[in-house]
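Remarks on the overall topology
Take a look at the letters that make up each chain.
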Amino acid sequence: AAALKASTGAYKVDEPLTPEKDVTSYNNFYEFGTGKGDPAANSASFKPEPWKVKVNGLVSKPREFGLEELLAFPLEERVYRMRCVEAWSMVIPWIGFPLAALLDEVEPLGSAKYVAFETVIRPDEMPGQSGYFQPLEWPYREGLRLDEARHPLTILSVGVYGKTLPNQNGAPVRLVVPWKYGFKGIKSIVRISLTETPPPCTWNLTAPDEYGFYANVNPAVDHPRWSQATEIRVGEGGFFGSNRRDTLPFNGYAEEVASLYAGMDLRANF
Amino acid sequence: MALVPTLPKHLHGPSIWALYALGFVPAASAFYLGATGQLPGNAIKEFEHLLGLWALRFLIATLTITPVRDLFGVNWIRYRRALGLLAFYYVLMHFLAYMLLDQMLRFPAILADIARRPFITIGMAALVLLIPLALTSNNWSIRRLGPRWNKLHKLVYVIAAAGALHFAMSVKVVGPEPMLYIALVTLLLSWRTVRTRFLRWKRQRSAIARPIPATEKAAG
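Because the structure is a prediction, the values reported are computed rather than measured.

Quick look at the interface of chain B and chain A
Between chain B and chain A, the residue contacts involve 29 residues of the former and 33 residues of the latter. Summing both partners gives a buried area of about 2400 Å² for chain B against chain A, and 59% of it is carried by carbon and sulfur. Linking chain B with chain A are five salt bridges. With a shortest N-O distance of 2.9 Å, Glu86(A) and Lys172(B) are connected by a salt bridge. When contributions to the side of chain B that touches chain A are tallied by element, the ones reaching two or more residues are helix H2 (25-35), helix H3 (43-72), helix H4 (80-102), helix H5 (107-116) and helix H9 (155-170) of chain B.

Comments concerning the nonpolar core
Residues and elements named next belong to chain A. Formed by 80 residues in total, the largest nonpolar core has its most connected members in Leu102 and Ile192. When residues in this core are grouped by element, the largest group, seven residues, is from strand S5 (residues 88-98). Apart from residues no more than four positions distant in its own chain, Ile192 is found in contact with Val53, Lys54, Val55, Asn56, Leu99, Leu102, Val115, Ala116, Phe117 and Leu156.

Describing the UniProt feature "binding site: Mo-molybdopterin" (unreviewed entry) in chain A
Residue and element names in this part refer to chain A. In the numbering used here, UniProt assigns the feature "binding site: Mo-molybdopterin" (unreviewed entry) to Asn27, Tyr30, Glu31, Cys84, Thr119, Asn169, Arg174, Gly185, Ile186 and Lys187. Here Glu31 shows up in the loop between helix H1 (20-23) and helix H2 (38-42). The buried category is assigned to Glu31, whose relative accessible area is 2%. Of note, Thr119 is situated in strand S6 (residues 114-119). Discounting residues that sit within four places of it in the chain, Thr119 has contacts with Glu31, Pro139, Tyr140, Ile186, Lys187, Ser188, Ile189 and Val190.

Describing the UniProt feature "transmembrane region" (unreviewed entry) in chain B
All names here are of chain B. In this structure's numbering, the residues bearing the UniProt feature "transmembrane region" (unreviewed entry) are residues 16-34, 54-72, 84-101, 117-135, 155-173 and 179-195. Across residues 84-101 one finds 100% helix and 0% strand; the C-alpha atoms that close the span lie 25 Å apart. Between the end C-alpha atoms of residues 117-135 the distance is 28 Å, and the span holds 95% helix and 0% strand.

As for the packing of H3(B) against H9(B)
All names here are of chain B. Where H3 meets H9, the closest approach of the two axes is 10 Å, and the angle between their N-to-C directions is 145°. Crossing geometry of H3 relative to H9 is assigned as left-handed. Taken together, the residues of H9 that come into contact with H3 (itself represented by Leu53, Leu56, Leu59 and Leu63) are Val156, Tyr157, Ile159, Ala160, Gly163, Ala164 and Phe167. Of the residues that constitute the contact of H3 with H9, the class distribution is ten nonpolar, one polar and no charged.

Observations regarding the sheet that holds strand S3 (residues 63-66) of chain A
Residue and element names in this part refer to chain A. On the basis of which strands lie adjacent, the open sheet formed by five strands has the order S3-S2-S11-S6-S7 and mixed pairing. Of all strands in the sheet, those bounded by a partner on one side alone are S3 and strand S7 (141-145). For this sheet, the mean angle separating the axes of adjacent strands, direction not counted, is 20°. Strand contacts of helix H4 (residues 99-106): strand S2 (52-57), S3, S6 and strand S11 (189-195), with the helix running at about 140° to S3, the strand carrying the most contacts.

About the cut-offs
- Residues numbered from 1 in each chain as written.
- Chains lettered and ligands numbered in written order.
- Predicted model: local features only at pLDDT ≥ 70, side-chain atom pairs only at ≥ 80, totals over all residues.
- Heavy atoms only, no water.
- Contact = heavy atoms within 4.5 Å.
- Buried area = accessible area lost by both parts, 1.4 Å probe.
- Salt bridge = Lys/Arg side-chain N within 4 Å of Asp/Glu carboxyl O.
- Helix = DSSP H or I, 4+ residues; strand = E, 2+ residues; numbered from the N terminus.
- Core = buried A, V, L, I, M, F, W, Y, C linked by side-chain atoms within 4.5 Å.
- Buried < 20%, exposed > 50% of the residue type's maximum accessible area, 1.4 Å probe, protein only.
- UniProt positions renumbered as here; feature names shortened; annotations may be inferred.
- Axes fitted to C-alpha atoms, helices over the stretch in contact; angles between N-to-C directions.
- Left-handed = near helix turned anticlockwise from the far one by under 90°.
- Nonpolar A, V, L, I, M, F, W, Y, C, P; charged D, E, K, R; others polar.
- Pairing = 2+ DSSP bridges.

In structure tokens form, the structure reads like this:
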């Protein structure tokens, strides 16, 4: 990971940062294996450069963005909470730019209602994508409603902790939507498509009763196998420094995003 | 059929104590690493999962003693109690890690988990069923209970199945690791269903292969 310059962004959680060691060694990235340490251990041969992201679908100006073009967007550092659906959380200094800025470049059509994302498929570089056991159907896919995608909190991240993204964190470009569970933050993106209908999402397809399309952080709606009411903050000094804290609605970003879901039944649309 | 050298008798006792000592190494080393902040990421969950995994390994080891004796004639029965008790201690530590470190004694949440989440209900049932087995894992109980002891300790089959199921149900995607444990437990439990027939066949076969000569019998 090379050093990456960014301005200080407006969004900065006032909580201690999760140590870089934990942010870069405790990951869910099944393309590199299902263990938390697998992505860091198995991603050394992954090549995030050169890279292209194809943006197409219901847009007036479909085009490809090279990595250099992505890095040319005004980059800022955003310190966000990250809440995993597995009831642990981190505080992470991302570097990136609003997804809205990229969408503006391609000019979505009036009929576009959703944004679909896809991760790269490279079985030679991603051991989780080859062999007898493959945990998920590839490519990993995620989606947002267009208004969620355009929300100023939603960023495409190209770096963390002042450097370009390590492979295990989704190099070279990934999505960060801080009020949703971490699995919405699709990594190593190669395609972004604007669609009229809700796009298929990997975890939602895999276990629809466990992972919804919205996946907004919500302490009131439990995962069938565990409570979402509380979370463990990772990396606060071993067994006794870690603390279990209450999970906040929309991961603490309710003020900014609750209005997106006005009138919706969040229990049905989990 | 001696596949492994026989241990001298005076080492039987010490070898059992060595097994106990060795058996606690994974828990002790993980506890040290976790308590000193050296387990990466979600240290508490890593510790909790490690304890659960070792519990399952010791349960499987316990169930392996009989088939190893049946098939290879190696009698390690003197280690079975230690393996079974190690399994119990690991299940207990697994639960304590969950209750104390993970849930930090939030009892409403713990009770809700046990009541509402099938994989936790199953895991809890396995722990409860292990208690009478652990309490009767001593010579006094074996003498006292007689044939009922054997019957009681058949509960370990249910416990091992529950443990493997608990593991498989707890993961997001059932990958090779939980599948392996399910397969091993299935294999070991299946052995019990064919065991009597196998032993009869083995006896008959050896009787045919080595008929005892009448003269030798008389001489003996």
